[in-house]
Amino acid sequence: MTVELTRGAVEALFKGSQVNNPVLQLLNIRQMSNTSGPPRYRLIMSDGQHLLSSFLLATQLNHLAEDNLLVPQCVCMLRRATTNTLSDGRHVVVVVEMEILKSAEEAGGKIGNPTPYSTDGKLSSPHKVSSATSEPASASAAEVSGPSSTNNNNKDWRKGFMGKAPMKTSPMMVSPMKTSPMKGSPMMVSPMKTSPMKGSPMKTSPMKTTASLPGSIPKSIPIATLNPYTSKWTIKARVTKKSNIRNWSNSKGDGKLFSFEIVDESGEIRITAFNNEVDRFFSLVEQGKVYYISKGTLKVANKQYTTLKNDYEMTLHAHSSIVPCEDSPGIPTVQCDFVPIEELENRDKDAIIDVIGVCKSAEDVSRITTKASREVSKRAINLIDTTGKVVTVTLWGEEAEKFDDSGQPVVAIKGARLSDFGGRSISVLFSSTIMVNPDIPEAFRLRAWYDQEGYTVDSQSLTETMSRSIGSKMNWKLLSDVKNENMGHGAKAEYFSCVATVLYMRKENCLYQACPSGDCNKKVIDQQNGFYRCEKCNREFPNFRYRLLLSANLADFGDNQWVTCFQETAEVLLGRKAEELGQLRETDEAEFDEVFQKANFTTHIFKNRVKLETYNDESRVKVTVMEVLPVDHREYSRRLLSNIQKLAR
Amino acid sequence: MAGILDVPKPRINCSMLSQFINRAVCFVGRVEKVHPTGKMFTVMDGEGNTATVELNEPLEEELSGIVEVIGMVSNKGEIMASTYNMLREDKGVPFDLELYNEALKVIHDFPQHYPFQVAASG
């Protein structure tokens, strides 16, 4: 069956008048030679009557071209398009949203006999148009009339969009080709593609505001349509994040800047102001408020500085204007593209993602000292979502301290880093935004789900729960594994934990005389004159400290292993301090022996470090005990049971 | 009583009682109710099922918490206790009855690894 093209649509679009979801046939697609930035594709579209090559594909639809979905002669329906007027008066139709109805084969050839449409005799040739479009949008007289008609189009487009809502259910054809623009989608959060049909307030509002206030208040275009080729435009958006003023100074001079991010229903974009503009706008721009912004310079986004989903970013200049406007219900407070927790496993580590979930539980705030010797607060919270999977999110600094996990709030995090720590976990960055119980539909959905069923769900965590095993991931091994697996033979030391019993400890030479100064543990030489010399400190002392260096033999059911315990671990094993033992050895030998007797045949959890060491041509695997812990029988039993079950499979 | 102490006493829970009729067993459970006479009480195992324990002499002390009973299983599926041992809850690590039940299941699922015969090696 041949698809009907919308005759007259090409002419209408070119003139900028309203057309409802015109069905056009793609005759050709060409990539434009751009100097920088994402590729731009020019399309030749036909409505069976006319053909026009002044169609530009909006960058968010670039994937259609790159995935080879836009094959010449395929039939498409333009869901959203804006007609821009360039500085030289040419009209260009930018396709913001498009759906492929029929593939080229199904269309069966060129439909109709379209003739090139031209208003002023100029045949649109690729080169001319591309040069025209790549001209920077500089304000010229020709454009003054442009924007108003442009914006009218937008308004009409959206009105048409709304009006045709009931019809939208029908053309749900070839689903993989359904082109909902992923990035900066005109809809809210992605699964709600059908939201305009529900007549949600989001969609209708820009229309309302433009319709009710003609002339005095500028009509705004969606952020998603911003590109370096549009000239005069105004956008209306809410500031989601504002940075502090930063100063810099380099070889070219110095200056200051501040940046902020804005969002509207169609998408988000980052804006930076430099030097003079900082003075003009810094106090004016407030996070959470809505503004009309116009006359900014668009350029390709430097992804290094932002994680926003927009190919472009904006810079304010002397002619830019920011006007506060009354808060509009249509402008969302934030734009997020949430990844279901279950899918996090499929994402790459170090990816920046947004996630939302109900905070099932949270650990207490802990303070850690970083390698830079800074003390930082840290807090781990567990989020669960409708996929039933749980992931651990780490909050830092003030966020960690401020976080209130009472009532299992819905937590949304934007721009956090996915890490492979413990499988998959999330770490909040300095640039991330954390929202507790945000005012977005996703949050309400999660809340409802959790209250009804979520709280009972026996969830599976993507992050290995550390809480039961002591400290970080314990590498449980048997003593026989040390020899069988040749542990420690590699370049790096290996660490493992085991449950073992002390069989024997060397009483003789377990104590040595150490340097009494601070952190120095070097053995001192008894100079027999009442003084002890430390070679490392190069000093003599009238005294020394007793330190333990215990050699012990540990065993489990399979094997035994000689290990070395230093001061701290030896003291735990023996239950006495080194000084005490030193004294005891000199005074009461019987009791000294008793200490060792008591410690013999006790069972503990040992955390060890094993490494191949070479001493005078001889290489031996040496095991050092890093930590001695009491056996948690319940945890041990659980582990054994799970091992048995694994073996039984 | 001397006799029962020489014999291997498999650890069981309520579901296994029927298989061990007229045999010496060891039953660990949480004390539920003590009969006013003090000669009988009920215990609940890790799975939530209850068994009855009968004593030769009435109890001389308050029985509560986890208790380990050694005795013979009667035809009616009750345990005729020879001796019992109360695991004090205020001392030591709390006893995890569910975990114990899991271990019981493993022991009975793999008798080849957990033989109950006395030194019956080949």
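Calculation criteria
- Along each chain, residue indices are assigned from 1 in the same order as the chain's sequence is written.
- All chains are assigned letters beginning with A, and all ligands numbers beginning with 1, in the order in which they are written.
- In keeping with the model being predicted, local features are shown solely for residues with a pLDDT of at least 70 and side-chain atom pairs are shown and tallied solely at 80 or more, while totals for entire chains, interfaces and linings include all residues.
- Processing note: side-chain calculations cover all non-hydrogen atoms of the structure and skip hydrogens and water entirely.
- UniProt positions are given in the numbering used here, feature names are shortened, and annotations may be inferred rather than shown by experiment.
- Within this document, salt bridges are pairs made up of a side-chain nitrogen of Lys or Arg and a carboxyl oxygen of Asp or Glu, the two lying within 4 Å of each other.
- A helix here means a DSSP run of H or I that spans at least four residues, while a strand means a run of E at least two residues long, and both kinds are numbered starting from the N terminus.
- Burial classes follow relative accessibility: with a 1.4 Å probe on protein chains only, a residue under 20% of its type's maximum area counts as buried, one over 50% as exposed, and anything between as partly exposed.
- Between two residues, a contact is recorded if the distance between any of their heavy atoms is within 4.5 Å.
- Pairs of N or O atoms within 3.5 Å make up the polar contacts considered here, provided that, within protein, one atom can donate a hydrogen while the other can accept it, and that residues adjacent in sequence are counted only when both atoms are side-chain atoms.
- Expected helix span is given by 1.5 Å per residue-to-residue step, counting one fewer step than there are residues.
- Any two cysteine sulfur atoms within 2.5 Å of one another count as a disulfide.

An unreviewed UniProt entry annotates chain B as Replication protein A3 of Crenichthys baileyi. Recorded in UniProt for chain B, the comment headed Sequence similarities (unreviewed entry) runs: "Belongs to the replication factor A protein 3 family." Entered under Subcellular location (unreviewed entry) in the UniProt record, the comment concerning chain B runs "Nucleus".

Within an unreviewed UniProt entry, the label attached to chain A reads Replication protein A subunit, and the organism entered is Crenichthys baileyi. Looking at chain A in UniProt, the text filed under Subcellular location (unreviewed entry) is "Nucleus, PML body". Of chain A, the UniProt comment under Sequence similarities (unreviewed entry) reads exactly: "Belongs to the replication factor A protein 1 family."

Asks: Looking at this structure, how should I read the pattern of salt bridges?
Replies: Oppositely charged side chains may form a pair once their charged atoms are brought near each other. Residues and elements named next belong to chain A. Across all of its chains, the model carries 28 salt bridges over all chains by this definition. One salt bridge connects Glu313 with Arg270, and the closest N-O pair in it is separated by 3.8 Å. You can see Glu313 sitting in strand S12 (residues 312-324) and its partner Arg270 sitting in strand S10 (residues 268-274), a full 43 residues away along the chain. On the basis of relative accessible area, Arg270 is assigned to the buried category, the value being 14%.

Asks: Explain the environment of Val34(B) to me, please; I cannot follow it from the model alone.
Replies: Residue placement: Val34(B) occurs in strand S2 (residues 24-34). What makes Val34(B) partly exposed here is its relative accessible area of 34%.

Asks: Which parts of the structure should I look at to understand the environment of Ser377(A)?
Replies: Residues and elements named next belong to chain A. Structurally, Ser377 is set in strand S15 (residues 375-384). On the basis of relative accessible area, Ser377 is assigned to the buried category, the value being 3%. Sequence separation of Ser377 and Ala400 is 23 residues, and the distance between their C-alpha atoms is 6.3 Å. Setting aside anything within four residues of it in sequence, one finds Ser377 in contact with Val365, Ser366, Arg367, Leu395, Trp396, Gly397, Ala400 and Glu401. Engagement of the side chain of Ser377 in a polar contact is seen with the side chain of Arg367, the distance being 2.8 Å.

Asks: Please explain helix H2 (residues 97-109) of chain B as it appears in this structure.
Replies: Structural remark: α-helix, 3.6 residues per turn; residues separated by three or four positions point the same way. Counted at 1.5 Å a residue, the expected span for H2(B) with its 13 residues is 18 Å, and the 18 Å between its end C-alpha atoms agrees. All of the buried residues in H2(B) are Leu97(B), Leu99(B), Tyr100(B), Asn101(B), Leu104(B), Val106(B) and Ile107(B). On the buried face of H2(B), the contacting elements are helix H14 (633-648) of chain A together with strand S1 (11-12), S2, strand S3 (40-44) and strand S5 (66-73) of chain B. Between the side-chain oxygen of the N-cap and the backbone nitrogen of Glu98(B) there are 3.3 Å, and the N-cap of H2(B) in question is Asp96(B).

Asks: Whenever I open this one, the state of the cysteines confuses me. Can you help?
Replies: Cysteine pairs can be covalently joined through their sulfur atoms, and such a bond is termed a disulfide. Counted under the stated rule, the structure contains 0 disulfides over all chains. Unpaired in terms of disulfides, Cys74(A) finds its nearest cysteine sulfur in Cys76(A), a separation of 3.8 Å.

Asks: Sorry if this is basic, but what is going on with unusual backbone geometry here?
Replies: Only a minority of non-glycine residues have a phi that is not negative, and only a minority of peptide bonds are not trans. Residues and elements named next belong to chain A. In this structure, Asn275 takes a positive phi of about 40 degrees despite not being glycine. With respect to the helices and strands, the residue Asn275 is situated in helix H7 (residues 275-281). For Asn275, a relative accessible area of 33% puts it in the partly exposed group. Even without a glycine there, the phi angle at Phe601 is positive, about 65 degrees. Relative to the elements of secondary structure, Phe601 occurs in the loop between helix H13 (589-599) and strand S28 (603-615).

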